[in-house]
Amino acid sequence: MGFVEVKELTKKYGNFTAVDKISFTINKGEIFGLLGPNGAGKTTTISILATLLEPTSGDIVVDNYSVKKHPNKVREMLGFVPQEIALYHSLSAIENLTFWGRMYNLKEKELKKRVDYVLDLVSLSQRAKEPIKNYSGGMKRRINIAVGLLHNPRLLLMDEPTVGVDPQSRNNILETVKNLSKDGITVIYTSHYMEEIEYLCDKVAIMDSGEIKAQGTVEELKAIVGNKDTIKVFLQRPLSSEKITILKNTFNFKGEFTDKEISFLVDNGSDQLVDILGKLQSLGVEVKSVDIIKPNLEKVFLHLTGKSLRD
Ligand SMILES: Nc1ncnc2c1ncn2[C@@H]1O[C@H](COP(=O)(O)OP(=O)(O)OP(=O)(O)O)[C@@H](O)[C@H]1O
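Source: prediction; values computed, not measured.

J.: Would you mind going over the UniProt feature "domain: ABC transporter" (unreviewed entry) in the protein in detail, with residue names and values included?
T.: UniProt marks residues 4-234 with the feature "domain: ABC transporter" (unreviewed entry), using the numbering shown here. Span residues 4-234 is 35% helix and 29% strand, its end C-alpha atoms 48 Å apart.

In structure tokens, the structure reads:
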């Protein structure tokens, strides 16, 4: 039994099904990614987990407590970082955090310690006394994350936490999430940025149109498209059909030949590159440039849904 069990979860808004019978399991301390484009149903799923929305059918169980039967028990365990920033702009970071800490009923002595701790975690201790209105969007979002961590949750829900943030804050957020997981906190992270999901997540569910199209580790998902590198060789001159036949007979791995480029699907692109270029040269093929493309979740998404993640 996992720490979080999502069981045939469905959410309808009127006649429209936003989440359609999805199921997944998350173990304690894992970072679980929900990857999908806008409208896939990620926020709806995470809002049900946060006990802000009720499921139409199905259930989510966190550490044996159902969001339907024991929402208060679930709420105690989780920290929620929503997409919208809910901070008082004229107050400082410390004042905002203290306000939220009191909402969580933290005792004053404990509260002060936790405020210092979470500010350090998001690397904003130095700026903590300034009003939030002086902060960049990314810094505000980091304070939002600090709020979600104040009461020491065992499960942290993060809904697209890096949308619209500067690169420095983005890196800080990604490193914070990694460190939380090392401390045993379970994290659910939604995003439409596949690079973040690949970097962070132990397991991933690919969502589209309210459904989970595939789930597993990043490696397992990449294996759906073959888990091979593509070496693209761009040509100086178009190849004759005779030359293409010779090339096809020479290279015994899978490849695609057009008159302007040749793509090879290989196990380890950088190891095979020199050999491939050497063979092409000996056959008189003039090469303009070369690109090695690693398999990624974007390719997997395209393969599963027929569309791009960033449509
Ligand atoms: N309150 C609502 N009433 C009606 N439809 C809704 C409501 N909330 C969301 N939807 C619809 O449900 C679908 C899933 O939305 P959801 O916000 O869960 O997706 P998402 O993957 O989180 O995308 P985003 O990144 O845009 O938030 C969308 O088509 C959205 O328009």
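J.: Give a description of the environment of Pro55 that names residues and reports values.
T.: Here Pro55 is to be found in the loop between helix H1 (42-49) and strand E4 (57-62). The exposure class assigned to Pro55 is buried, which follows from its relative accessible area of 13%. In this structure, the C-alpha to C-alpha distance between Pro55 and Thr230, residues 175 residues apart in sequence, is 43 Å. For Pro55, the contacting residues outside a window of four places in its chain are Leu9, Thr10, Lys11, Ile48 and Lys68.

J.: I'd love a proper account of the sheet that holds strand E6 (residues 78-81), names of residues and values included.
T.: Strand order in the open sheet formed by six strands is E6-E7-E8-E3-E9-E10, with mixed pairing between adjacent strands. Lying at the two open borders of the sheet, with one neighbouring strand each, are E6 and strand E10 (211-216). Each strand of the sheet is rotated relative to its neighbour by a mean of 15 degrees, with strand direction disregarded. Docked against the sheet, H1 engages strand E3 (31-35), E6, strand E7 (155-159), strand E8 (186-191) and strand E9 (203-208), running at close to 150 degrees with respect to E7.

J.: Give a detailed account of the sheet that holds strand E13 (residues 261-266), specifying residues and quantitative values.
T.: Taken in spatial order, the four strands make up an open sheet running E12-E13-E11-E14, and their pairing is antiparallel. The sheet is open, and its two borders are formed by strand E12 (255-257) and strand E14 (287-293), each paired with just one other strand. Averaged over all pairs of adjacent strands, the angle between their axes in this sheet comes to 15 degrees, without regard to strand direction. Direction of pairing for strand E11 (residues 229-235) relative to E14: antiparallel, over a ladder of six bridges.

J.: Lay out the domain arrangement of the protein in plain terms, naming residues and giving numbers.
T.: Looking at the protein, the domain boundaries give domain 1 (4-223) and domain 2 (229-294). In this structure, domain 1 and domain 2 have C-alpha centres spaced 45 Å apart.

J.: Could you give me a rundown of the site of the ligand, with the residues and numbers involved?
T.: Looking at the ligand, there are 13 residues lining it, with Gly39, Gly41, Lys42, Thr43 and Thr44 nearest. Contact between the ligand and Gly39: an oxygen atom at 2.7 Å from a main-chain N or O atom of the residue. Coverage of the ligand by the protein chains reaches 60% of its 630 Å² of free accessible surface. At the level of elements, strand E2 (16-26) and H1 are the ones that each hand at least two residues to the shell around the ligand. A total of three residues in the shell around the ligand trace back to one element, the largest contributor, which is H1. Of the residues contributing to the shell around the ligand, the split by class is five nonpolar, six polar and two charged.

J.: Any chance you could break down helix H10 (residues 269-282) for me, citing the residues and the numbers?
T.: Compared with an ideal rise of 1.5 Å per residue, which puts 14 residues at 20 Å, H10 spans 20 Å between its outermost C-alpha atoms and is within 8% of the ideal. Structurally, H10 contributes buried residues whose contacts are with E11, helix H9 (241-250), E13 and E14.

J.: Describe in detail the pairing of E9, supporting the description with residues and values.
T.: E9 sits mainly inside the fold: five of its six residues count as buried. Pairing of E3 with E9 involves four bridges; the strand directions are parallel. For Gly33, the partnering residue across the bridge sits in E9 and is Val204. Pairing analysis gives five bridges linking E9 to E10, with the strands arranged antiparallel. Bridge pairing in E10 links Asp208 to Glu211. A loop of two residues connects E9 with E10, the two strands running antiparallel in sequence, and Ser209 in this loop sits at a positive phi of about 50 degrees.

J.: Explain the packing of aromatic side chains to me, and be specific about the residues and the numbers.
T.: The geometry of an aromatic ring pair is captured by two quantities: the separation of the ring centres and the angle between the planes. A complete count under the given rule lists five aromatic pairs for this structure. With 4.5 Å between their ring centres and 15 degrees between their planes, Phe24 and Phe32 make a pair best called stacked. Considered together, Phe24 and Phe32 belong to a single accessibility category, that of buried residues. Relative to Phe264, the ring of Phe257 has its centre 6.3 Å away and its plane inclined at 85 degrees; by these criteria the two rings are edge-to-face. What links up through ring pairs into an aromatic cluster is the set Tyr88, Phe99 and Trp100. The ring of Tyr199 has Lys178 lying over it, and the distance from NZ or CZ to the ring centre is 4.7 Å.

Each value, and the rule that gives it
- Residues numbered from 1 in each chain as written.
- Predicted model: local features only at pLDDT ≥ 70, side-chain atom pairs only at ≥ 80, totals over all residues.
- Heavy atoms only, no water.
- UniProt positions renumbered as here; feature names shortened; annotations may be inferred.
- Helix = DSSP H or I, 4+ residues; strand = E, 2+ residues; numbered from the N terminus.
- Buried < 20%, exposed > 50% of the residue type's maximum accessible area, 1.4 Å probe, protein only.
- Contact = heavy atoms within 4.5 Å.
- Pairing = 2+ DSSP bridges.
- Axes fitted to C-alpha atoms, helices over the stretch in contact; angles between N-to-C directions.
- Domains from an automatic or database assignment.
- Near = heavy atom within 4 Å.
- Polar contact = N/O pair within 3.5 Å; in protein donor to acceptor, adjacent residues only side chain to side chain.
- Areas by Shrake-Rupley, 256 points an atom, 1.4 Å probe, with all protein chains shown as cover.
- Nonpolar A, V, L, I, M, F, W, Y, C, P; charged D, E, K, R; others polar.
- Expected span 1.5 Å × (residues − 1).
- Phe/Tyr/Trp six-rings, centres within 6.5 Å; stacked < 30°, edge-to-face > 60°.
- Lys NZ or Arg CZ within 6 Å of the ring centre and 35° of its normal.

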